[in-house]
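# A closer look at the structure
Here's the letter readout for the chains.
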Amino acid sequence: MDGAATGGEVELDGLTKKYGTVEAVRGISLNIRRGEFLAILGPSGAGKTTLLNMLTGFEKPTSGAIRINGRDVARLAPHKRGIGVVFQHYALFKHMTVAQNVGFPLRMRGMSMREQRSHIQHALELVKLEGFAARFPDRLSGGQQQRVALARAIVFRPALLLMDEPLGALDKRLREHMRVEIKRLQRNLGATVIYVTHDQNEALTMADRVAVMNDGVVEQLGTPDDLYERPASAFVADFVGETNFFTGRAVLDADGRIRVVLDGDRPEHRREVENAASLRPGSGVEVGVRPEEVSLLPPEHAEHDQAPAVLGTVSDVLYEGATALHVVETPIGDLSARLSLKNLRETRWAVGDRVAVHWDARAARGYPAADRAS
Ligand SMILES: Nc1ncnc2c1ncn2[C@@H]1O[C@H](COP(=O)(O)OP(=O)(O)OP(=O)(O)O)[C@@H](O)[C@H]1O
Ligand SMILES: [Mg+2]
C-alpha cells in the first residue's frame with residue numbers, strides 16, 4: 001500500500017438497476033479515465049446514489065457490468081474493490097477518536113498497529129488535521145468532521161474515490177473552501193474521483209467532465225464548457241445555468257435551411273438557431289437562449305436584418321451587483337436579460353420602458369419540443 005496511488009480506470013457497460021418496477025438506473029455506459037475528476041450532476045431521484053452504490057458494491061446491478069482497471073468487479077466484496085467513499089453525512093464513529101476513525105479501514109484490512117500509525121498520520125496531514133488525532137468527532141466543526149471523513153476515505157490509498165454530496169451539510173463558505181481542498185487532495189493522490197452533486201457550480205468548477213443524469217440515464221457527458229455552451233437537450237440547458245425557453249415550429253426555408261418561427265412572433269421572422277439539423281420541419285420546437293446572451297436596445301432598433309428583435313416592456317429589474325436581471329414581457333413570452341454593469345453604464349432601463357429584445361443567432365439553440373423528459 002506504499003507509494004502514490006495511481007488512479008483507476010472505470011468502465012460502466014449497460015449498467016441497470018431496477019427496484020421492482022422502478023428503473024433507477026437505465027443502461028448507463030460510461031468510461032472514466034485514470035486520474036479523471038468526473039462529476040455526476042442531476043436532480044433528486046435521478047439515480048446518482050444508486051449508480052454510486054453499484055460501484056462500491058453496496059447494491060448489485062440488475063444487469064450490466066462494472067470494470068475497474070479492466071477487471072469485472074461484480075463478484076468482488078465492497079472492501080476488495082479499492083474504493084474510498086465519502087457520504088453526504090460524514091458517518092463518523094462517535095465513540096472513536098479521529099485517529100481511530102481514520103484507521104478504521106486499515107483495521108478492516110488487518111494492518112498492523114505500527115503500519116497503521118504512519119498511514120493515519122499521513123492522511124491527517126493531507127487533510128490538514130495533524131493536531132486532531134486524539135479528539136472525538138463531537139468536538140470538531142462540520143468542516144473538520146468532513147475532513148476526517150475524507151482522511152478515512154483516502155487512508156488506504158484507493159485508486160478510486162467516490163463522493164456522494166460530500167459538502168451538502170456544510171455552509172456556503174466552508175463548501176467553497178472544501179472544493180479547493182478536495183481538488184488539491186485529488187491532485188496529490190492522483191486518484192480517479194467520481195463526485196455526485198446536485199449543485200451545478202460544484203460540478204462546473206471541480207470536474208474535468210460532467211455527466212448530467214436525469215431519470216436513470218446520462219443526458220449529456222462533456223466538459224463543463226461543453227455543457228454550458230452546447231447543452232445537448234432542453235433538460236441540460238435548463239438544469240445547468242439559466243435558460244429562457246420559447247416555443248415555436250420548425251420550418252424548411254427555400255434555401256434548404258431549417259429555421260424557427262416562434263409562437264407569438266411575426267410569422268415572417270424566421271429565426272436561425274444552433275442545432276437546426278436536429279429539428280424536423282413542421283414539428284414543435286423549444287428554443288433556449290441564456291439570459292446573458294440577451295441584449296436590450298431602444299425600440300427603434302427592432303428591425304435588424306440578421307436576427308429580428310422582439311418588442312417588449314420591462315416588467316422587473318433585479319439588481320445583482322455586477323449584473324442586473326431584467327424581466328421583459330414580450331409576445332413570445334416573458335424572458336430574462338442579464339445585463340452587465342458595464343453595459344448598464346450606457347443605458348439604464350426602468351420598469352415600464354419599451355425595449356427591442358435581441359440575441360445573436362449563435363446564442364439560440366433549438367430542441368425538438370417532445371425532447372424534455374421531465
Ligand atoms: N432501495 C430502494 N428501493 C426502491 N426504490 C429505490 C431505492 N433506492 C432508490 N430508489 C428509487 O430510485 C430512484 C433513484 O434514486 P437515487 O437515490 O439513486 O437518486 P439520487 O439521484 O441519488 O437522488 P438525491 O439527489 O435525492 O440523492 C428514485 O426514484 C428512488 O425512489
Ligand atoms: Mg442521492
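Report follows, based on the coordinates. Since the model is a prediction, treat every value here as computed from it, not as a measurement.

What follows deals with the side chain of Thr 56. Locating Thr 56 in the fold gives a position in helix H1 (residues 48–56). Exposure remark for Thr 56: the relative accessible area of 4% places this residue in the buried category. Of note is the side chain of Thr 56, whose polar atom sits 3.4 Å from the backbone nitrogen of Phe 58.

Let us look at H1. With 8 of its 9 residues buried, H1 lies for the most part within the structure. Of the residues making up H1, those classed as buried are Lys 48, Thr 50, Leu 51, Leu 52, Asn 53, Met 54, Leu 55 and Thr 56.

All right, on to the packing of aromatic side chains then. Working definition: an aromatic ring pair is given by the centre-to-centre distance plus the angle between the planes. What the rule picks out here adds up to 5 aromatic pairs. For the ring pair Phe 235 and Phe 239, a centre distance of 5.6 Å and an interplane angle of 10° mean the geometry is stacked. Here Phe 235 and its partner Phe 239 are both found in helix H8 (residues 234–239), 4 residues apart, which amounts to about one turn of the helix. Given a relative accessible area of 6%, Phe 235 falls into the buried group. One cation-aromatic arrangement involves Arg 109 over Phe 156; the distance from NZ or CZ to the ring centre is 3.8 Å. Note that Arg 290 overlies the ring of Tyr 228, its terminal NZ or CZ placed 4.0 Å from the centroid.

The rules we used
- Residues numbered from 1 in each chain as written.
- Chains lettered and ligands numbered in written order.
- Predicted model: local features only at pLDDT ≥ 70, side-chain atom pairs only at ≥ 80, totals over all residues.
- Heavy atoms only, no water.
- Helix = DSSP H or I, 4+ residues; strand = E, 2+ residues; numbered from the N terminus.
- Buried < 20%, exposed > 50% of the residue type's maximum accessible area, 1.4 Å probe, protein only.
- Polar contact = N/O pair within 3.5 Å; in protein donor to acceptor, adjacent residues only side chain to side chain.
- Phe/Tyr/Trp six-rings, centres within 6.5 Å; stacked < 30°, edge-to-face > 60°.
- Lys NZ or Arg CZ within 6 Å of the ring centre and 35° of its normal.

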